[in-house]
Amino acid sequence: MSAPAVEAPVAPASLLDVLDPYNGEVIARLEQHSVDDVDAIMSRARLGATLSRDLSRFERHRILDRAARILEGRAEEAATLIVREAGKTITQARKEVRRAVTTISLSAETARAYDGEVIPFDAYEGSANRRGWYTREPLGVILAITPYNDALNLVAHKLGPAIAGGNGVILKPSQFTPLTARFLVDVLLEAGLPDEIITIVHGDRHVAQALVAVRDIRMVSFTGGFATGEAIARTAGLKKLAMELGGNAPVLVFADADIAAAVEACVSGAFWAAGQNCVGAQRILIERAVYAEFRDRFAARTSTLRAGDPVNPATDVGPMISVAAATQAERVVDDAVQSGARVLAGHRREGAVYWPTALENVALTCEVWSEEAFAPVVVLSPFDTEEQAVAEANSIDYALHAAAFTSDITRALRVAEALDAGGVMINDSSDYRIDSMPFGGSKYGSMGREGVRFAYEEMTQPKVTCITT
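Keep in mind that this is a model prediction, so the values were computed, not measured. (Residues numbered from 1 in each chain as written. Predicted model: local features only at pLDDT ≥ 70, side-chain atom pairs only at ≥ 80, totals over all residues. Heavy atoms only, no water.)

**A short note on helix α6 (residues 178-190)**
With 13 residues, α6 extends 18 Å between its outermost C-alpha atoms, agreeing within 8% with the 18 Å of an ideal straight helix rising 1.5 Å per residue. Within α6, 12 of the 13 residues are buried, which leaves the element mostly enclosed by the surrounding structure. For α6, the set of buried residues is P178, L179, T180, A181, R182, F183, L184, V185, D186, V187, L188 and L189. After α6 finishes, the residue G192 shows a positive phi value of roughly 110°. (Helix = DSSP H or I, 4+ residues; strand = E, 2+ residues; numbered from the N terminus. Expected span 1.5 Å × (residues − 1). Buried < 20%, exposed > 50% of the residue type's maximum accessible area, 1.4 Å probe, protein only.)

Structure follows, in structure tokens:
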């Protein structure tokens, strides 16, 4: 058994019920921090930052590498917890654990592979007698605020690079999925990480806001909604911010594409994790010549997906994170239907389970077109020209990933360049991602980049040493 995750000291406060989103069962009760705990939290985090900085790069590598192996050995336990707490299907949860193992392994390699480089001072006039280099040094205390939709791997994407860079971390996980975050911290402690390097905080937005404002926190790394991101930016003051604020991914399907393959990829991209996926396909734009074929195939394939109990290996789509989230998805679709949209599949809810839903004839003014749905809801729409498709794809303020299906490589490259997004997937789902790639968006969907090496660079700073001989 691993050591229990060590959280910050907590004054007597309220308890949070952690619920199974499928059946509503209380699976844990956790004490909540309050604003009164901030001083104690920061005292512990400062000590953690000092201990982390003093670890050699090899020690950071060894701890992270050992943690990856421990997590791999406890993969089924982790997957079962994700199903219970986040409502992902067991198949999806197992994949998330495998990705988290990769993320921690990449962090282990990053800890010793990226330490700066020699600076050729003597390449410049007047510096012939100078030699030097730069290293990457820790920022100090990092506040990591994580969401529920990838409750293990998105925590790994913040903790792994932060530890590789020698930082201390205050981890504020989602109130929906705190147990999964604690599980990963347990694994890191079992691997030998000093207790104080990670301080877990459970609490509401008032606690988070109070921490964001603390001067000694040198960086806030946040994954979540746009409104919360704006509030953090207003409160943070002079500190680094790294934010992934969501998306509304467009997918362009051209007439020369492999339609059957495009349908399969888009169904997976739209409904993986019950659509609670910031790079999931939400707006699928199809060239008019093949629109009817794609629509009919997509609707038929969507109708075959099984929604329900995430423990059942035959389930394709589990519950959303809460009844409230599923009810919101239902409302957004109802609003679109009242404005003239046609339901092609789905639009059925039982508790937190919302059946995968496809729509057409959606007005561009509808919320389901213009805002991130973060639900198993997708919009199909025809286009006549490439220019029209690109313009409609780029019309949204959030731009993480986009995708295009075509057999014409020249068009693929042209469209990839024209799409305003942080990543463009060609002949693949918009939700394709590997954990080593730079991940983030353009426009208002992102600030900075994740992906282990890139997050490591965000979480460290260059320090130059120059010697005159």
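What follows picks up the thread again.
**What about the packing of helix α5 (residues 153-164) against α6?**
Running from amino to carboxyl end, α5 crosses α6 at an angle of 30°, the nearest separation of the two axes being 10 Å. In terms of orientation, α5 and α6 fall into the roughly parallel class. The crossing of α5 and α6 is right-handed. Together, V155, A156, L159 and I163 of α5 and A181, L184, V185 and L188 of α6 make up the contact between the two elements. Residue composition of the contact of α5 with α6, grouped by class: eight nonpolar, no polar and no charged. (Axes fitted to C-alpha atoms, helices over the stretch in contact; angles between N-to-C directions. Parallel < 35°, antiparallel > 145°, perpendicular 65-115°, else oblique. Left-handed = near helix turned anticlockwise from the far one by under 90°. Contact = heavy atoms within 4.5 Å. Nonpolar A, V, L, I, M, F, W, Y, C, P; charged D, E, K, R; others polar.)

**Here's the deal with the pairing of strand β19 (residues 423-426)**
Of the two faces of β19, only one is covered, namely that formed by G423 and M425; the face formed by V424 and I426 stays uncovered. In this structure, strand β18 (residues 401-405) lies alongside β19, joined through four bridges in parallel fashion. Within β19, the residue paired with A404 across the bridge is I426. Following the backbone out of β18, through helix α14 (residues 409-418) and into the adjacent parallel β19, one traces a crossover that is right-handed. (Pairing = 2+ DSSP bridges. Right-handed = clockwise from strand over helix to strand, strands pointing away.)

**So, the side chain of R411**
Within the secondary structure layout, R411 lies in helix α14. Beyond its immediate sequence surroundings of up to four residues, R411 is in contact with F254, D256, E386 and T406.

**Section: the sheet that holds strand β9 (residues 240-244)**
Reading across from one edge, β7-β6-β5-β8-β9-β21 is the order of the six strands in this open sheet, with mixed pairing throughout. Each edge of the open sheet is held by one strand with a lone partner, namely β7 (198-200) and β21 (446-447). In the packing of helix α7 (residues 205-212) onto the sheet, the strands contacted are β5 (141-145), β6 (168-172) and β8 (217-223), and the crossing angle to β5 comes to about 150°.

**Points about the pattern of salt bridges**
By the definition in use, this model includes 30 salt bridges. One salt-bridge network, held together by shared partners, links D256, E386, R411 and R414. (Salt bridge = Lys/Arg side-chain N within 4 Å of Asp/Glu carboxyl O.)

**Structural notes on helix α2 (residues 57-73)**
Between its first and last C-alpha, α2 extends 24 Å over 17 residues, near the 24 Å set by a 1.5 Å rise per residue. Along α2, the residues classified as buried are R60, H61, I63, L64, A67, A68, I70 and L71.

**Some remarks on the packing of aromatic side chains**
With the rule as written, the count across this model stands at six aromatic pairs. Between Y148 and F374, the ring centres sit 6.0 Å apart and the planes meet at 75°, which makes this aromatic pair edge-to-face. On the criterion of sequence distance, the pair formed by Y148 in the loop between β5 and α5 and F374 in the loop between α12 (367-370) and β16 (377-383) is long-range, its members being 226 residues apart. Consider the rings of F271 and F298, whose centres lie 6.1 Å apart with planes at 45°: the pair is tilted. One end of the pair, F271, is in helix α9 (residues 259-271); the other, F298, is in helix α10 (residues 288-303), with 27 residues separating them in the sequence. For the pair F271 and F298, a shared accessibility class is recorded, and that class is buried. (Phe/Tyr/Trp six-rings, centres within 6.5 Å; stacked < 30°, edge-to-face > 60°.)

**So, the sheet that holds strand β3 (residues 117-119)**
Strand order in the open sheet formed by three strands is β3-β4-β22, with antiparallel pairing between adjacent strands. The open sheet terminates on both sides in strands that have one partner only, identified here as β3 and β22 (460-468). Taken over all neighbouring pairs, the strand axes of this sheet differ in orientation by 30° on average, direction set aside. With nine bridges joining them, strand β4 (residues 130-138) and β22 adopt antiparallel strand pairing. Bridge assignment links E137 to a residue of β22, and that residue is Q461.

**Focus: the nonpolar core**
The biggest cluster of nonpolar side chains holds 62 residues, and the ones touching the most others in it are L252, V253, I284, F294, F298, V368 and L380. Here the element with the most residues in this core is α9; it accounts for eight residues. If we skip the residues at most four places from it in the chain, F294 touches V253, I259, A262, V263, C266, I284, I286 and L380. Membership of the second largest hydrophobic core comes to 54 residues, among which are L71, A162, L188 and L189. (Core = buried A, V, L, I, M, F, W, Y, C linked by side-chain atoms within 4.5 Å.)

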